[in-house]
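One letter stands for each residue in the lines below.
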Amino acid sequence: MRILFYLLSIVTANVVTAAFAPLQLGMFIVPMGTLLIGATFIFRDLVQNKYGRAKTYLFIIIALGLSALVSFMLGDTLLIVVASALSFVVAETADTEIYTRLKLPMAWRVFYSGLVGGFLDSVIFVVIGLSPLGANFLPWEAVPFAILGQIIVKTVIQMFGALILNQVYVSKGKRLISE
């Protein structure tokens, strides 16, 4: 089920981003799929927790292929697909490696690794995919607000995910620390 949730969250994030206009939260611009992207890092951590680091990279590759295919099928330009793929690979790799190396309870590893993954995903995708450097959807003046908006949303989702995981594992008497 963890793998299914991980893969579905990625595909659903692409569909939601394509189907709905971005949220304008004050000065921040947040694609609707961002609400799910924060969850993908949590699901990826749960996959890694069960299947280990090596198998997790196989699932990341599968997710990358699905994400690129769905984005392309939904009409995203090749530049957007490439920006999405690059930000995905960098962010998921960072999340995986940080999660692996931290010797903390699971909830903290999920939070910290997702924080870095979400930051990298936001910066890389907005700069390469949306800025004048990329597809030119956003003027340079809007780029910092688009990046910050995504980082804030992803961080809040990571925080809630970590709090929920902490409650689940503490209530079960399991404080999972990596080997």
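Residues numbered from 1 in each chain as written. Predicted model: local features only at pLDDT ≥ 70, side-chain atom pairs only at ≥ 80, totals over all residues. Heavy atoms only, no water.

Under an unreviewed UniProt entry, the name given to the chain is VUT family protein, and the organism recorded is Psychrobacillus soli.

Q: What is the right way to read the pattern of salt bridges from this model?
A: Two side chains carrying opposite charge are able to pair once their charged atoms lie near each other. The final tally for this structure, using the stated rule, is six salt bridges. With a closest N to O distance of 2.3 Å, Asp95 and Arg44 form a salt bridge. With a gap of 51 residues between them, Asp95 in helix α3 (residues 78-101) and Arg44 in helix α2 (residues 34-73) connect regions that are remote in the sequence. Accessibility assignment for this pair places Asp95 and Arg44 in one class, buried. Through salt bridges with shared partners, a single network forms among Arg44, Asp45, Glu92 and Asp95. (Salt bridge = Lys/Arg side-chain N within 4 Å of Asp/Glu carboxyl O. Helix = DSSP H or I, 4+ residues; strand = E, 2+ residues; numbered from the N terminus. Buried < 20%, exposed > 50% of the residue type's maximum accessible area, 1.4 Å probe, protein only.)

Q: Is there a simple way to think about the side chain of Asp45 in this case?
A: One can find Asp45 in helix α2. Residue Asp45 is classed as buried on the basis of its relative accessible area, which comes to 0%. Residue contacts for Asp45: discarding those within four places in its chain leaves Asp95, Tyr99, Arg109, Val110 and Ser113. (Contact = heavy atoms within 4.5 Å.)

Q: Could you clarify how one ought to interpret helix α1 (residues 2-19) in this entry?
A: For the α-helix, the turn length of 3.6 residues means that residues three or four positions removed from each other point alike. Helix length check: α1, at 18 residues, gives a terminal C-alpha distance of 25 Å against a target of 26 Å (1.5 Å per residue), a fit within 8%. Here the buried face of α1 lies against α2 and α3. (Expected span 1.5 Å × (residues − 1).)

Q: Quick question: what am I supposed to make of the nonpolar core here?
A: Side chains that are nonpolar tend, in soluble globular proteins, to be buried together. Ranked by size, the top nonpolar core spans 12 residues in total: Ile29, Ile80, Ala83, Phe125, Val126, Leu130, Leu138, Ala142, Val143, Ala146, Ile147 and Ile151. When contributions to this core are tallied by element, the ones reaching two or more residues are α3, α4 (106-130) and α5 (143-171). Per-element tally for this core: the top contributor is α5, with four residues. Excluding anything up to four places from it in sequence, Ala83 contacts Phe125, Ile128 and Gly129. Leu46, Met106, Val110 and Leu165 belong to the second-largest nonpolar core, a separate cluster that totals 10 residues. (Core = buried A, V, L, I, M, F, W, Y, C linked by side-chain atoms within 4.5 Å.)

Q: Explanation requested: the confidence of the model for the chain in the structure shown.
A: Any region with low pLDDT has predicted coordinates that should not be read closely. Taken over all residues, the pLDDT of the chain has a mean of 91, while the share at 70 or more is 94%. In the predicted structure, residues 175-179 sits below a pLDDT of 50 and forms 20 contacts with residues beyond four places in sequence or in another chain. (pLDDT = per-residue confidence, 0-100.)

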